[in-house]
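Letter by letter, the chains look like this.
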Amino acid sequence: MKKLFVVCALALFGTAFGQGDSTAVTRPVDTLKPRPVAARVAGLADVAEVAFSATDSARMRDHELAARYDSLWMGELRQAAERFPEMYEEVRLAALENAPDSIPSFDTEVFKDRLERLNQKTPFNIVYSTSLESVVKTFLTRKRDLMERMLTASQFYFPMFEEALDRHDLPLEIKYLAIVESALNPKARSRVGATGLWQFMYSTGRMYDLDVSSYVDERNDPIESTEAAAQYLKRLHGIFGDWDLALAAYNSGPGNVNKAIRRSGGYTNYWNLRNFLPRETAGYVPAFFAAMYIFEYAAEHGLGFIPAERPYFETDTVWVRATLTFDQIARVTGVDKEEIAMLNPAFKLGIIPKIDGKNYVLRLPRRAIGTFVANEEAVYALAREELKKKENALPQLVEAEDRIRYRVRSGDYLGKIAERYGVGISQIKRWNGLRSNDLRIGQRLTIYPRKPVTTPKAQASGSGAEVAGNTGEGPRVHVVREGDSLWTISRKYPGISIENLREWNGIRGNNLQPGTRLKLCNCSS
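Each value, and the rule that gives it
- Residues numbered from 1 in each chain as written.
- Predicted model: local features only at pLDDT ≥ 70, side-chain atom pairs only at ≥ 80, totals over all residues.
- Heavy atoms only, no water.
- Core = buried A, V, L, I, M, F, W, Y, C linked by side-chain atoms within 4.5 Å.
- Buried < 20%, exposed > 50% of the residue type's maximum accessible area, 1.4 Å probe, protein only.
- Contact = heavy atoms within 4.5 Å.
- Helix = DSSP H or I, 4+ residues; strand = E, 2+ residues; numbered from the N terminus.
- Salt bridge = Lys/Arg side-chain N within 4 Å of Asp/Glu carboxyl O.
- Polar contact = N/O pair within 3.5 Å; in protein donor to acceptor, adjacent residues only side chain to side chain.
- Phe/Tyr/Trp six-rings, centres within 6.5 Å; stacked < 30°, edge-to-face > 60°.
- Lys NZ or Arg CZ within 6 Å of the ring centre and 35° of its normal.
- Arc of directions from axis to C-beta.

Draft legend 1. Up close: the nonpolar core. Membership of the largest hydrophobic core comes to 73 residues, with the highest contact counts inside it found for Trp-198 and Tyr-250. If near-sequence neighbours (up to four positions away) are discounted, Trp-198 is found in contact with Phe-161, Ile-174, Leu-177, Ala-178, Glu-181, Ser-225, Thr-226, Ala-229 and Tyr-250. Membership of the second largest hydrophobic core comes to 24 residues, among which are Val-318, Ile-351, Ile-369 and Val-379.

Put into structure tokens, the structure is as follows:
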């Protein structure tokens, strides 16, 4: 079963095909060089409804020019995505009250007049400030190339953003927020772990049903994350009743905005609260307004971008019925593995899992989907055969939503536990209301693991229960011999881990003396 998606102007989600007759192209395009044009960002109105005829389908079997365009456009998107660190730094610097750079051609009075016009047509409180002027001038000079890259990449993302925002009755200008958040990089990750185009933290993403597991992170999925961002922003506006404060809360969390309101003495205007907000948030809203201004007045400032030769990209999806790797899919369809990864950014390990109760889809260029469907059984047979030959099993899925209760053992400390489960020390402290790093043996900790974790089958949950040896079904003691190590001993007795051996025998180091008798159970002898 499959369904057809025509994702408007979204290079990340498909390969483009021109709907006009191919003879309309008068010369081959070898390079796509930026050239100054009247800056224009594609919108929903630019996208025609697509209808396929038999002629279209025949022409799509082999369209070398389209493939050439696709390769160039994907290169453009990759280059744009690499600019995320630059944008991240600019948002941080926007909090500083720096004097605006001197640009001979920049007229501050004209700038103020344009801001007033923007203010009149948007629900945001756009007012002149020296910090806003400073950010705009930075974007027009030192970061001019960054802005031109964003103008180019926006043609692929903005139509999708606009559709979601319109569906939720939100201001369309919010689309500029993704420029500030991620520089339109769907795999962007901040130093604190915020991920994707809309920079969702783990806990917030889970609130809006974004699946996060060993294999999948839907925060990286442009369609799913955009829907979640629209819902979250709508909720924040419902709380604060003001779009400037909603944006500030999106960046720093509603709690920090509430603290700023209290510290300011009850002000609710963003510009009156700005000095009471975290530094990054103090620069966040001005950076958003600066991005909006740049996009609205790009032509007036002579910013150039690469116009899209075709205003949309077309893909098809198919349900995956067994675990597949991108490499297997690439070999069958002929689609480059890197392109498959770009079309399916939510799959973290290059593996599309098959999990009971969950359905995942593979997205491919429409020209390749027929090949996949026609050879579907062969693909799954190949996957099964390769899985049998593979020495190392694929990572065991661990749902990020799964909660475990961990019992603190002798020798444990927060850093060790955090490393074991792939989480942060601060997260463990937050989940358990800890004010210090001190732990006591036997203490129970709630943990939401991020790493593939296997638990010894014979170890009963929560108690470090006895192994089979305690019931007469197996040995209870191992006598250490020359060459033995904790690892080799644990391998000899299924269900017993190195940690079990350490705990049951009070072992701290790795050295073992021949003749030592090691308990193989949580027992007295």
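Structure shown, so let's carry the discussion forward.
Draft legend 2. Spotlight on unusual backbone geometry. In this structure, Asp-169 takes a positive phi of about 60° despite not being glycine. In this fold, Asp-169 is placed in the loop between helix H6 (144-167) and helix H7 (177-182). In this model, Leu-184 sits at a positive phi of 55°, which is unusual for a non-glycine residue. Here Leu-184 lies in the loop between H7 and helix H8 (202-207).

Draft legend 3. Broad picture of the pattern of salt bridges. This model, assessed by the stated rule, comprises 16 salt bridges. As a salt-bridge pair, Arg-321 and Glu-376 come within 3.6 Å of each other at their nearest N and O atoms. Placement of Arg-321 in the loop between strand S2 (313-319) and strand S3 (324-325) and of Glu-376 in helix H17 (residues 376-389) is noted, with a sequence separation of 55 residues between them. Classification of Arg-321 as partly exposed rests on a relative accessible area of 45%. Residue classification places Glu-376 among the buried residues on the basis of a relative accessible area of 12%. Taken together, the shared-partner salt bridges connect Arg-321, Glu-376 and Glu-377 into one network.

Draft legend 4. How the structure looks around the side chain of Asp-211. For Asp-211, the position within the fold is in the loop between H8 and helix H9 (222-240). There is a polar contact of 3.5 Å between the side chain of Asp-211 and the side chain of Lys-358. Within the structure, the side chain of Asp-211 is placed 2.5 Å from the side chain of Tyr-360, a separation counted as a polar contact.

Draft legend 5. The packing of aromatic side chains, seen in detail. In total, this model carries 23 aromatic pairs according to the counting rule given. Ring centres of Phe-111 and Tyr-128 lie 6.0 Å apart, and the angle between their planes is 75°; on these two criteria the pair is classed as edge-to-face. Of this pair, Phe-111 sits in helix H4 (residues 108-121) while Tyr-128 sits in the loop between H4 and helix H5 (130-140), placing them 17 residues apart in sequence. A ring pair is formed by Trp-431 and Tyr-448, whose centres lie 5.1 Å apart and whose planes are at 70°; its orientation type is edge-to-face. A residue pair is termed long-range when its members are at least 10 positions apart, and Trp-431 in helix H19 (residues 425-432) and Tyr-448 in the loop between strand S7 (444-447) and strand S8 (477-479) qualify at 17 residues. Taking relative accessible area as the criterion, Trp-431 reaches 23% and is therefore assigned partly exposed. Residue class for Tyr-448 comes out partly exposed when judged on its relative accessible area of 24%. The ring of Tyr-128 is capped by Lys-112, whose NZ or CZ atom sits 4.7 Å from the centre of that ring.

Draft legend 6. Structural context of helix H11 (residues 254-263). Among the residues making up H11, those that are buried are Val-257, Ala-260 and Ile-261. Down the axis of H11, the sector holding all buried residues measures 100°, keeping them to one side. Exposed residues lying more than 90 degrees from the buried face of H11 are Arg-262 and Arg-263. Residues of H11 that are buried make contact with H9, helix H10 (243-252) and helix H12 (270-273). Positive backbone phi, approximately 90°, marks Gly-265, located one or two places after H11.

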